[in-house]
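# Chain and residue survey
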Amino acid sequence: MENWRQYVSPRQRDDFYYELLAGGTKIKLFESFVDHGLASMLANGPMSAGALAQKLALHPLRTYKWLHLLSLVGLLKQIENIGAVGGSDTTYSLTPLAQALFGDDGTLGSFFKDSLFYFKACEDTDLNAVLEGLPLPYAVRWPPQTIEAAAHLEWWMSISSRGTIHAIEKAVDLNKISRLLDVAGGDSTTACEIVRNHPRLNVTIFDLPHSASLAKARIEHGGLADRISVVEGDILALDGLPEGFDLVLWSRVFSSWPIETVCTLIVKSYAALLPSGIIVICEPMLDYNLPLALSAEFRYLFYDDFGAGVYKAESQYEALLTQAGFNITCKQSPDEESFYSVIIATKPC
Ligand SMILES: C[S@@+](CC[C@H](N)C(=O)[O-])C[C@H]1O[C@@H](n2cnc3c(N)ncnc32)[C@H](O)[C@@H]1O
């Protein structure tokens, strides 16, 4: 009994408990902040608590408490020396972090807005009933089953691609690469950007038919059909990937699949590469992105097509790469521009 005392102090136990409760508090506050359009109300400058309560037709005392809490979680800043704390004269502005999330007009960016919508649908579903086997009411299928679902996914990927492209171009000298296989390369947003920036580079995209058709349309529209080709295929099929490349890129693919699948895909990449060719993995690693992994994998509880533990640590990728015969040649951690890590491994000559 009381064995825990060897590892945990009473203070750590209590902090842990209140951190768990604070997690629920934060999401409720954030959702109410969005639902009431507070960011757009404050986009033109600070307002007093009294004016905000009046404009939103809310209970005054509860509004004062709510605004104070929003300042504790970092969405609002209480302006010093104007009015007493917690009263109708207390004045609030948006914090720089809230401005970054909501932009100049106070509207949540499309990617955040859409992902919050999906998060909320899961949050509002009875988790205990789901664990007991409730048929999933909003199950997102993986991979997407229809052209509409594929277009929605690829739209998400395209509008959020800046961080991955930055991380890949920073880690890899693409001027030294001439044949790149972008496996599950989506609608070709990444391929189009990197071939424009690197004149020697040619890319082959390999993806399922719906995403491949979106890629062909974008490539055609960009006038890049002589530099980027598209092959329709299924990474899970028994046959291998196209072969003869000096770089095989996996960007934002492995965090959707269980480790056994990723192991097979790394082995397939080895066969697709020329001797001295490199595999490049660009993912949010668990080591640096616990909040992202927690919130994504919470959603995946409600989608049976996703397995357990799909966000992985750097060391798990390193072990798989080494086991497949690769030598790890570069590990790049996230920087201020992007939460993605990049691991590069080389196939021996
Ligand atoms: C999260 S998106 C990433 C797209 C792109 N690599 C990027 O970083 O923008 C995952 C991609 O995996 C593709 N995909 C999923 N299952 C696949 C499968 N079985 N075979 C081939 N591609 C698949 C999807 O169509 C989608 O384009």
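Residues numbered from 1 in each chain as written. Predicted model: local features only at pLDDT ≥ 70, side-chain atom pairs only at ≥ 80, totals over all residues.

## Observations concerning the overall build of the protein chain
To keep things clear, this is the line we draw: The helix and strand labels rest on DSSP assignments: H or I over at least four residues marks a helix, E over at least two residues marks a strand, and numbering proceeds from the N terminus. Exposure criterion: with C-beta atoms placed from backbone coordinates, a residue whose C-beta has 20 or more other C-beta atoms within 10 Å is buried, one with 12 or fewer is exposed, and one in between is partly exposed. What counts as a contact is two residues whose backbone-derived C-beta atoms lie within 7 Å of each other.
Helix and strand content of the protein chain: 14 helices and 10 strands. Each principal axis of the C-alpha distribution contributes one length, and for the protein chain these read about 70 × 60 × 40 Å. Considering the protein chain as a whole, with its 349 residues, one finds that 30% of them fall into the buried category. Pairs at least 24 apart in sequence give 69% of the contacts found in the protein chain among residues at least 6 apart.

## Side note on unusual backbone geometry
Cis rather than trans, the peptide bond between W142 and P143 has omega equal to -5 degrees. Examined against the element boundaries, P143 turns out to sit in the loop between helix 7 (127-131) and helix 8 (147-159). Phi at A57 takes a positive value of approximately 55 degrees, unusual for a residue other than glycine. Mapped onto the elements of the fold, A57 is located in the loop between helix 3 (49-56) and helix 4 (60-72). For A184, which is not a glycine, the phi torsion comes out positive at approximately 55 degrees.

## Remarks on the site of the ligand
Here is the rule: Being near a molecule or strand means, for a residue, that its backbone-placed C-beta atom lies within 6 Å of it. Side-chain classes are defined by residue name, with Ala, Val, Leu, Ile, Met, Phe, Trp, Tyr, Cys and Pro counting as nonpolar, Asp, Glu, Lys and Arg as charged, and the others, Gly among them, as polar.
Near the ligand, the surroundings consist of 17 residues, among which P143, A184, G186, S251 and R252 are the closest. Grouping the amino acids of the shell around the ligand by side-chain chemistry returns seven nonpolar, seven polar and three charged.

## Side note on the packing of helix 9 (residues 162-171) against helix 10 (residues 189-197)
Stated formally: To define axes, lines are fitted to C-alpha atoms, for helices over the stretch in contact only, and angles between the resulting N-to-C directions are given on a 0 to 180 degree scale. Any angle between 65 and 115 degrees counts as roughly perpendicular, while under 35 counts as roughly parallel, over 145 as roughly antiparallel, and the rest as oblique. In this scheme the handedness of a crossing depends on how the near helix is turned from the far one: anticlockwise by less than a right angle means left-handed, clockwise means right-handed.
At a closest axis distance of 10 Å, the pairing of helix 9 and helix 10 adopts a crossing angle of 40 degrees. It follows from the interaxial angle that helix 9 and helix 10 lie oblique. Every pair of crossing elements has a handedness; the one defined by helix 9 and helix 10 is right-handed. In this structure, helix 9 uses T164, I165 and E169 to contact helix 10, whose residues at the interface are T190, E193, I194 and N197. In terms of residue class, the contact of helix 9 with helix 10 is built from two nonpolar, three polar and two charged.

## Regarding the pairing of strand 5 (residues 202-207)
Remember that side chains alternate between the two faces of the sheet whenever the strand is regular. Put simply, the rule reads: Here a strand pair is declared whenever DSSP counts at least two bridges between the two strands. The crossover handedness rule: strands pointing away from the viewer, path from first strand over the helix to second strand clockwise, crossover right-handed.
Burial within strand 5 is extensive, with five of its six residues counted as buried. Two elements, strand 4 (residues 179-183) and strand 5, share five bridges in a ladder whose sense is parallel. Paired with L181 across the strands is T204, a residue of strand 5. Running through helix 10, the crossover from strand 4 to the neighbouring parallel element strand 5 is right-handed. Where strand 5 lies against strand 6 (residues 228-232), five bridges are found, and the strand directions are parallel. Within strand 6, the position partnered with F206 by the bridge is V231.

## Things to note about the pairing of strand 7 (residues 245-251)
Strand 7 sits mainly inside the fold: six of its seven residues count as buried. With four bridges joining them, strand 4 and strand 7 adopt parallel strand pairing. What sits directly across from V183, in strand 7, is W250. The sheet contact formed by strand 7 and strand 8 (residues 273-283) spans six bridges and is parallel. When the bridges of strand 8 are listed, L249 appears paired with V280. Regarding the hand of the β-α-β motif, the stretch spanning strand 7, helix 12 (residues 259-272) and strand 8 is right-handed.

## A closer look at the sheet that holds strand 2 (residues 76-78)
The three strands are arranged 1-3-2 in an open sheet whose pairing can be described as antiparallel. Both outer strands of the open sheet, strand 1 (47-48) and strand 2, are each paired with one neighbouring strand and no more. In this structure, strand 1 lies alongside strand 3 (residues 91-94), joined through two bridges in antiparallel fashion. Within strand 3, the position partnered with M47 by the bridge is Y92. Of the strands in this sheet, strand 2 and strand 3 touch helix 4, which is tilted by about 105 degrees from strand 2.

## Examining the sheet that holds strand 4
Here we have seven strands laid out as an open sheet, ordered 6-5-4-7-8-10-9, and mixed in their pairing. Each end of this open sheet is capped by a strand with a single partner; those strands are strand 6 and strand 9 (327-332). Recorded for the sheet is a direction-independent mean angle of 20 degrees between the axes of neighbouring strands.

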